[in-house]
Amino acid sequence: MLITFNIHFVTQWGGKIQLLLKETGESGDIRVVSHEMHCNQHFYWKKELTLDDRITFLHYQYELLDNSGEFIRESGEMREVRLPSGQKQVFLHDSWRDSFGESPFSTTVFRDCYFKRELLKSDQPERGNFRLQLFCQQMEPGRHFAIVGNQDFLGNWDVNRKVRLDESNYPVWSVYMETGKIKFPLEYKYLIVDTATDEVLAWGGGPNRKVDKLSGEGFHVVTDENFMRTIPSWRGAGVAIPVFSLRSKKSFGTGEFYDLKLMIDWAKLTGQQMIQTLPINDTILYHSNYDSYPYNAVSVYALHPIYLHLDAVGKIKDPVRKAYYAEQKKALNAKSFSDYQNVMNVKWEFCKEVYQDSSKKLFSSEEYKLFFQQNKSWLVPYAVFSYLRDKYGTPEFSKWPEKSQYNAAEIEELAAPGSDFYDEIALFYFVQFHLNKQLTEVHDYARSQGITIKGDIPIGVSPRSVDAWMEPEMFNTSMQAGAPPDDFSATGQNWGFPTYNWELMEKDNYRWWIKRFQKLAEYFDAYRIDHILGFFRIWEIPQQDVWGLTGSFSPSLPFTVEELQKKGLYWDENRFLKPYLREHVLHATFGKYTADVLREYFDQDGWQNYKFKPAFDTQKKVEAYFASLGYNFGTKEVMIRDGLYMLHCEVLFIRDTRQPDKFHPRISMHSSATFRDLPDETRRLLDGIYVDYYYHRHNAFWKEQAMKKLPALIASTDMLVCGEDLGMVPDSVPDVMNKLEILSLEIQRMPKKPHHEFAMPQDAPYRSVCTTSTHDMNPIRAWWLEDRNITQRFYNKALGIQGVAPEQCEPWIAERIINQHLESNAMLVILPWQDWLAIDGRYAHENPEAERINVPANPRNFWCYRMHISLEDLLKLNSLNERIRKVIEDSGRANKAEN
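Just so we're clear, the structure is a prediction, and the values are computed from it rather than from any experiment.

With that settled, the discussion passes to the overall build of the protein. A count of helical and extended segments in the protein gives 26 helices and 35 strands. With respect to the three principal axes, the spread of C-alpha positions in the protein is 100 × 80 × 70 Å. A buried classification covers 57% of the 899 residues belonging to the protein. Here the protein displays about 39200 Å² of accessible surface, and carbon together with sulfur accounts for 50% of that area. Between the mean site of the 106 positive side-chain charges and the mean site of the 122 negative ones, the protein shows a separation of 1 Å.

Below you can see the structure in the form of structure tokens.
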């Protein structure tokens with residue numbers, strides 16, 4: 001069969017178009033082969049190939065080799081074209097495939113849930129030597145494409161005689177014609193049609209599409225791209241709530257995976273389409289409430305045992321023990337919060353008992369054997385790590401007397417069925433099997449109800465994780481990841497995670513990340529990339545520091561002394577790099593405690609100048625000392641400790657850890673005493689250096705870093721991608737997110753426009769998630785109470801209401817805020833559950849400040865928020881649910897699934 005590939009594409013001088021064709025080699029291996037195409041004077045590119053007559057489908061893609069030597073592929077996955085049988089010659093006429101914002105509709109969120117459709121063939125027979133087809137992924141169920149045109153068989157532009165397109169190969173819509181019966185040029189338009197009423201809802205935008213001429217020889221396939229939609233695109237609504245925050249009458253003191261089923265029912269009942277969660281991976285390190293932090297993963301694959309629904313794992317036979325667990329369940333469920341460690345303690349007791357009775361039978365089942373085989377590569381190391389952590393009483397594997405360095409052969413031997421420790425290790429297999437089974441069941445149920453669940457990919461992992469133990473070379477454990485100062489924390493955030501060795505990860509095309517994304521795709525249809533800025537650059541904090549103020553971006557382009565001198569700065573290493581500990585600065589910091597502080601923590605270092613005593617010359621030493629005070633740690637001690645932290649940050653430049661002869665301007669230097677005490681001219685020079693470094697110098701460089709990583713990671717799954725792009729956002733971030741069509745996060749209280757106090761939801765871009773609050777901030781009712789002056793300005797400016805703002809965020813105000821978001825153009829409006837309930841004062845929590853989930857400035861935050869209403873009762877609150885559904889319906893976002 002002779003195949004002729006044709007595409008019209010105007011290249012710049014020196015550019016070329018290549019055909020990438022998926023072919024089967026002689027040994028049966030699948031490979032992608034590049035074929036150079038040839039161009040005529042009108043930029044029509046052509047390539048003829050003779051292929052096996054038995055081939056029924058072609059998979060191919062076009063690629064531009066531009067004049068700079070860069071390869072640029074067209075958007076999306078490889079094209080799939082069905083070849084007609086019995087044809088000796090086939091002509092393919094293509095257009096370059098750009099996404100134009102359509103890539104989200106190729107994800108499982110739409111393909112397998114919202115837009116899932118019964119694929120129907122057109123009434124028109126598959127006869128003729130010409131197939132005209134449209135590639136379009138955005139089409140809601142209950143609608144289809146039709147065509148009209150300037151031919152009699154296309155209705156001569158009469159919509160009453162339109163021809164429905166065949167959708168059996170969705171997202172390709174097609175119709176067959178006979179070239180001999182066409183009066184060229186062929187002109188036509190595509191129509192969006194309501195399937196139930198046959199009403200034309202919209203004509204495709206732009207000029208008429210046109211085919212000038214086709215020969216009568218062979219078979220022709222013309223593929224149209226980039227349908228111009230003239231009616232609003234799909235918009236949906238959803239709810240954000242951590243799994244641990246769910247409450248049901250069947251759960252055990254905390255939210256569980258099975259509770260998501262009731263939340264799915266509530267989302268469907270109220271017209272929502274998506275449930276957004278926080279990370280659900282195992283975070284067990286110390287068997288304490290510290291482990292409640294969901295972003296501190298001990299494994300990027302293992303699920304957290306706290307989410308296990310015990311009744312589905314097995315039954316307790318002993319009546320006494322059965323009564324004990326019933327009492328524990330009742331007591332823990334009665335609490336107003338998720339009592340993390342006490343819940344975990346009881347659940348582990350239960351799992352150990354049930355394991356003894358049921359593991360042998362389970363491990364012999366085909367279902368378990370398949371699970372174990374598919375997950376063995378991470379499951380065995382995770383189980384052994386967990387066993388050793390508990391055996392030695394610490395997750396800090398460097399302190400283990402044995403197995404402190406991962407050795408695959410030794411771990412395999414330790415975990416072998418004949419091992420003395422097998423049951424202690426296999427307990428973790430047992431628990432992970434049931435967690436996987438329960439969450440998979442929830443995922444399937446969600447899809448069946450027209451609801452998708454959105455997961456969360458944390459930017460970091462614990463330095464005491466299985467991953468750091470197995471592949472320490474992938475991580476920079478001498479540094480800590482965090483964030484520079486922002487609206488969440490004036491001193492920056494120190495998450496304590498190691499940073500990544502991106503150079504090493506790049507060598508195997510980010511295998512570790514891709515496997516991580518693919519595991520998440522087993523349970524979710526969408527995901528949020530936590531701190532997407534970390535793929536451009538991460539804020540790195542030296543291991544000896546506690547606060548984020550003395551961090552620097554990595555990778556980055558620090559200054560040499562020569563560069564700084566060329567900018568007019570006289571380099572004084574002692575003045576710029578050492579903490580500025582003048583006597584007046586210490587007095588301003590410690591006030592009446594200054595004399596005591598000087599005596600205990602500092603040594604004299606010249607006239608009216610001081611230096612830290614060796615026992616306090618790093619922030620970590622200060623932290624350790626104050627932690628040792630135990631119960632003698634009060635308000636005074638907090639003030640002194642934080643003052644010492646701040647004085648460690650009294651520098652103007654940070655020495656680069658990898659290139660010691662280069663330097664970073666200290667973030668937020670303008671607020672420091674060392675900056676204020678400089679001469680005006682020096683401050684002016686430093687301000688210019690600062691602005692250049694943080695807002696101009698890195699834009700192209702950081703864009704390049706992100707484009708190395710993100711495309712491969714996004715392409716590894718079919719999930720919908722959302723990015724948390726908050727904080728100190730480089731100018732290149734919106735460009736990259738737009739290019740890759742990643743949904744941004746838009747929050748009214750965190751405007752992205754400079755010099756704006758509030759963002760307006762109406763300005764949110766279509767490819768975005770718009771929300772009132774996140775887990776890192778107060779929900780709207782508690783926020784209303786934070787600062788009366790801000791609330792008043794919000795009331796007048798953002799809500800457009802004159803007069804004095806009410807003391808409380810009354811239900812009508814909450815509803816007005818929510819309506820602003822729902823009426824935006826954002827693809828998704830996902831609101832915290834607490835904010836949805838704020839529209840009805842009868843059911844909102846009596847204490848708004850009890851609804852906050854996390855305080856980012858507190859690294860020891862106890863993540864324990866739990867719904868105050870059970871899901872069973874929530875489903876019965878008809879007036880509330882009808883009200884929520886109405887505001888969603890009125891905005892055009894309601895889930896059309898039947899209730």
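What follows concerns the packing of aromatic side chains. In this structure the tally under the stated criterion is 79 aromatic pairs. Seen in terms of ring centroids, F145 and Y190 are 6.5 Å apart; in terms of plane orientation they differ by 70°. Their pairing is edge-to-face. Residue F145 is found in strand β11 (residues 143-149), and its partner Y190 is found in strand β15 (residues 186-194); the two are separated by 45 residues along the sequence. Y190 matches F145 in its accessibility class, with the two residues each being buried. Here the aromatic rings of Y387 and F421 are separated by 5.6 Å at their centres, their planes lie at 35°, and the arrangement is tilted.

This part is about helix α7 (residues 422-448). Taking 1.5 Å per residue as the helical rise, α7 with its 27 residues ought to reach 39 Å, and the 39 Å between its terminal C-alpha atoms agrees with that figure. Just past α7, the residue G450 takes up positive phi, approximately 75°.

To continue, consider the sheet that holds strand β27 (residues 559-560). The strand order β27-β31-β30 describes an open sheet built from 3 strands, whose pairing is antiparallel. On the outer flanks of this sheet lie β27 and β30 (653-655), each paired with one strand and no other. Bridge analysis of β27 against strand β31 (residues 662-665) gives 2 bridges, and the strand direction is antiparallel. Looking across to β31, one finds that F559 is bridged to F663. Strands β27, β30 and β31 of the sheet are contacted by helix α18 (residues 680-695), whose axis makes an angle of about 95° with β31.

The subject of this paragraph is the pairing of strand β35 (residues 828-832). Where burial is concerned, most of β35 is hidden: 5 out of the 5 residues are buried. Relative to β35, strand β19 (residues 236-240) runs parallel, the two sharing 5 bridges. The residue bridging G238 from the neighbouring strand is I830, located in β35. Looking at chain direction, strand β34 (residues 768-771) and β35 are connected through 2 bridges and run parallel. Bridge assignment links V769 to a residue of β35, and that residue is L828.

Axes are the key here: two packed helices are described by the angle between their axes and the distance separating the axes. With their axes 9 Å apart at the nearest point, helix α13 (residues 583-590) and helix α14 (residues 594-601) run at an angle of 115° to one another. Here the hand of the crossing between α13 and α14 comes out right-handed. Residues L586, H587 and F590 of α13 lie in contact with α14, whose contacting residues are T594, V597 and L598. Residue composition of the contact of α13 with α14, grouped by class: 4 nonpolar, 2 polar and no charged.

Along the chain, the position of Y324 falls in helix α3 (residues 319-333). Judged by its relative accessible area of 24%, Y324 is partly exposed. As a C-alpha pair, Y324 and V346 span 22 residues in sequence and 9.9 Å in three-dimensional space. The contact partners of Y324, leaving out residues within four places of it in the chain, are V346 and E349. In this structure the side chain of Y324 is engaged in a polar contact, spanning 2.8 Å, whose partner is the side chain of E349.

So, about unusual backbone geometry. Omega for the peptide link from F184 to P185 comes to 0°, which places this bond in the cis form. Residue placement: P185 occurs in the loop between β14 (172-177) and β15. Looking along the chain, the bond that leaves S554 and enters P555 is cis, with omega of -5°. You can see P555 is positioned in the loop between β26 (552-554) and β27. One non-glycine residue, N156, lies in the positive phi region at around 45°. Along the polypeptide, N156 turns up in the loop between β11 and β12 (163-164). At N226, a residue that is not glycine, the phi angle is positive and equals roughly 55°. Looking at where N226 falls in the secondary structure, it is placed in the loop between β18 (219-224) and β19.

A few words now on the sheet that holds strand β25 (residues 538-542). The 4 strands lie next to each other as β23-β22-β25-β26, forming an open sheet whose pairing is antiparallel. Strands at the two margins of the open sheet, each flanked by one partner only, are β23 (493-500) and β26. When strand polarity is set aside, the average angle formed by the axes of neighbouring strands in this sheet is 55°.

Overall, the coordinates contain 58 salt bridges when judged by the stated rule. One salt bridge connects E441 with K261, and the closest N-O pair in it is separated by 2.4 Å. Taken as a pair, E441 in helix α7 and K261 in helix α2 (residues 259-269) lie far apart in primary sequence, 180 residues in all. Taking the relative accessible area as the measure of exposure, E441 reaches 32% and is therefore partly exposed. Through salt bridges that share partners, E74, R79, D94, R97 and E225 make up one connected network.

Mapped onto the fold, P294 is located in the loop between β20 (274-276) and α3. The spatial distance from the C-alpha of P294 to the C-alpha of Q356 is 30 Å, given a sequence separation of 62 residues. For P294, the contacting residues outside a window of four places in its chain are F244, L278, P279, T283 and W863.

On to the environment of E225, then. In this fold, E225 is placed in the loop between β18 and β19. Residue E225 is classed as buried on the basis of its relative accessible area, which comes to 5%. With 53 residues separating them along the chain, E225 and V172 place their C-alpha atoms 9.9 Å apart.

Quick look at the side chain of Q432 now. Within the secondary structure layout, Q432 lies in helix α7. Side-chain polar atoms of Q432 contact the backbone oxygen of L303, separated by 2.8 Å. The contacts of Q432, once residues within four sequence positions are left out, are A302, L303, F371, W378, L379 and Y382.

With that settled, consider the nonpolar core. Ranked by size, the top nonpolar core spans 206 residues in total, and within it Y429, W513, F602 and L710 carry the most contacts. In this structure, F602 is in contact with L581, L586, F590, V597, Y610, K611, F612, K613, L644 and L647, ignoring residues within four places of it in sequence. By size, the runner-up hydrophobic cluster in this structure holds 50 residues, among which are L132, L134, V222 and M827.

This part takes up the pairing of strand β9 (residues 89-95). In the sheet, strand β1 (residues 2-8) pairs with β9 via 7 bridges, with the strands oriented parallel. Counted as the bridge partner of H8 is S95 from β9. In this sheet, β18 lies alongside β9 in parallel orientation, the contact comprising 4 bridges. When the bridges of β18 are listed, F91 appears paired with H220.

Here we take up helix α20 (residues 732-740). Of all the residues in α20, the buried ones are S732, V733, V736, M737 and L740. Angular distribution of buried residues about the axis of α20 spans 130°; they occupy a single face of the element. Looking at the buried residues of α20, the elements they touch are α19 (699-715), β32 (720-723) and β33 (744-747). With its phi angle positive at about 55°, E741 sits one or two positions after the end of α20.

About the criteria used
Residues numbered from 1 in each chain as written. Predicted model: local features only at pLDDT ≥ 70, side-chain atom pairs only at ≥ 80, totals over all residues. Heavy atoms only, no water. Helix = DSSP H or I, 4+ residues; strand = E, 2+ residues; numbered from the N terminus. Buried < 20%, exposed > 50% of the residue type's maximum accessible area, 1.4 Å probe, protein only. Areas by Shrake-Rupley, 256 points an atom, 1.4 Å probe, with all protein chains shown as cover. Lys, Arg positive; Asp, Glu negative; His and termini not counted. Charge placed at Lys NZ, Arg CZ, Asp CG, Glu CD. Phe/Tyr/Trp six-rings, centres within 6.5 Å; stacked < 30°, edge-to-face > 60°. Expected span 1.5 Å × (residues − 1). Pairing = 2+ DSSP bridges. Contact = heavy atoms within 4.5 Å. Axes fitted to C-alpha atoms, helices over the stretch in contact; angles between N-to-C directions. Left-handed = near helix turned anticlockwise from the far one by under 90°. Nonpolar A, V, L, I, M, F, W, Y, C, P; charged D, E, K, R; others polar. Polar contact = N/O pair within 3.5 Å; in protein donor to acceptor, adjacent residues only side chain to side chain. Salt bridge = Lys/Arg side-chain N within 4 Å of Asp/Glu carboxyl O. Core = buried A, V, L, I, M, F, W, Y, C linked by side-chain atoms within 4.5 Å. Arc of directions from axis to C-beta.

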